[in-house]
Amino acid sequence: MLSKEKTMEAISRMYEMFPEAHGELVSDNPFQLLIAVILSAQATDVSVNKATPALFAAYPTPEALSQAPIEAIIEKIKTIGLYRNKAKNIKACAEMLLAEYGGEVPKTREELIKLPGVGRKTANVVMGDAFGVPAIAVDTHVERVSKRLRICKLKASVTEVEETLMRKVPKELWVKTHHTMIFFGRYHCLARSPKCEICPLLDMCQEGKDRLEITK
């Protein structure tokens, strides 16, 4: 596995590749971000961003969303995968925000993961992007990149990947690192056809070296 120093060297190269890395879900406030992240599970940010303008125009607040008929919500998000279950979750989430938190999105992981449709990854995204609370959300890109570079063990669980990154990356860089690793995984270190032959991290990446040997 990469040492802490080598891990930060690898991540620094990613910073140079994607200096403008950021969350790509479009939202105007913590409530909208929360709903967008719930909707993004097993779906692309692009598909969510296409659906949410109409959803947020119709139901801009927890009050409005909590009172919306479930079929009306489904109609707004049916282009997104798992839309029926997600419609139930975001309506229930809005209801719980009103009942438990005065209509405000909570700022702690413990409170966020109590909300319907919110797991640890979603909570970490909301904490980091809505409130600036240091957190690393491990999605498929972050997990893939971490394992390919051997930042963490190949058999590590999602939580173990998160814990390893938290140990190796300074806390003040957690949010930046999360976004940068997503960009690196989404636009360069792709799942099926990573750009190993032009990768600035190739000298540090055993999997990349192995892949290029196979393709020779």
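Look above for the structure.
Cut-offs and rules
- Residues numbered from 1 in each chain as written.
- Predicted model: local features only at pLDDT ≥ 70, side-chain atom pairs only at ≥ 80, totals over all residues.
- Heavy atoms only, no water.
- Helix = DSSP H or I, 4+ residues; strand = E, 2+ residues; numbered from the N terminus.
- Contact = heavy atoms within 4.5 Å.
- Areas by Shrake-Rupley, 256 points an atom, 1.4 Å probe, with all protein chains shown as cover.
- Buried < 20%, exposed > 50% of the residue type's maximum accessible area, 1.4 Å probe, protein only.
- Polar contact = N/O pair within 3.5 Å; in protein donor to acceptor, adjacent residues only side chain to side chain.
- Axes fitted to C-alpha atoms, helices over the stretch in contact; angles between N-to-C directions.
- Parallel < 35°, antiparallel > 145°, perpendicular 65-115°, else oblique.
- Left-handed = near helix turned anticlockwise from the far one by under 90°.
- Nonpolar A, V, L, I, M, F, W, Y, C, P; charged D, E, K, R; others polar.
- Core = buried A, V, L, I, M, F, W, Y, C linked by side-chain atoms within 4.5 Å.

(A) Spotlight on the overall build of the protein. Counting its regular elements, the protein contains 12 helices and 0 strands. Going residue by residue from the N terminus, the α and β elements of the protein occur as α-α-α-α-α-α-α-α-α-α-α-α. With the principal axes as the frame, the protein shows a C-alpha extent of 60 × 35 × 30 Å. Taking contacts inside the protein between residues at least 6 apart in sequence as the whole, the part at least 24 apart equals 59%. Of the roughly 10,800 Å² of accessible surface on the protein, a fraction of 55% belongs to carbon and sulfur atoms.

(B) Here's a closer look at the side chain of Asp45. Looking at the secondary structure, you find Asp45 in helix α3 (residues 45–58). For Asp45, a relative accessible area of 16% puts it in the buried group. Among the polar contacts made by the side chain of Asp45, one reaches the side chain of Arg186 at a distance of 3.3 Å. When neighbours within four sequence positions are excluded, Asp45 is seen to be in contact with Glu24, Leu25, Ser40 and Arg186.

(C) Region of the structure containing the packing of helix α5 (residues 70–77) against helix α6 (residues 83–101). Between α5 and α6, the shortest axis-to-axis distance is 9 Å and the interhelical angle comes to 125 degrees. Between α5 and α6, the angle falls in the class oblique. The interaxial crossing formed by α5 with α6 has right-handed handedness. Between α5 and α6, the residues in contact are Ile70, Glu71, Ile73, Ile74 and Ile77 and Tyr83, Arg84, Lys86, Ala87, Lys88, Ile90 and Lys91, respectively. Its residues placed into classes, the contact of α5 with α6 shows 7 nonpolar, no polar and 5 charged.

(D) A look at the nonpolar core. Formed by 36 residues in total, the largest nonpolar core has its most connected members in Leu34, Leu55 and Ile73. Listing elements by their share of this core, those giving two or more residues are α2 (30–39), α3, α5, α6 and α8 (120–131). Considering each element in turn, this core owes the most residues, 8 residues, to α2. Contact partners of Leu55, with chain neighbours within four places excluded, come to Ile35, Leu39, Ile73, Lys76, Ile77 and Ile90. Counting residues in each nonpolar core, the second largest holds 29 residues, with Tyr15, Phe18, Phe184 and Cys205 among its members.

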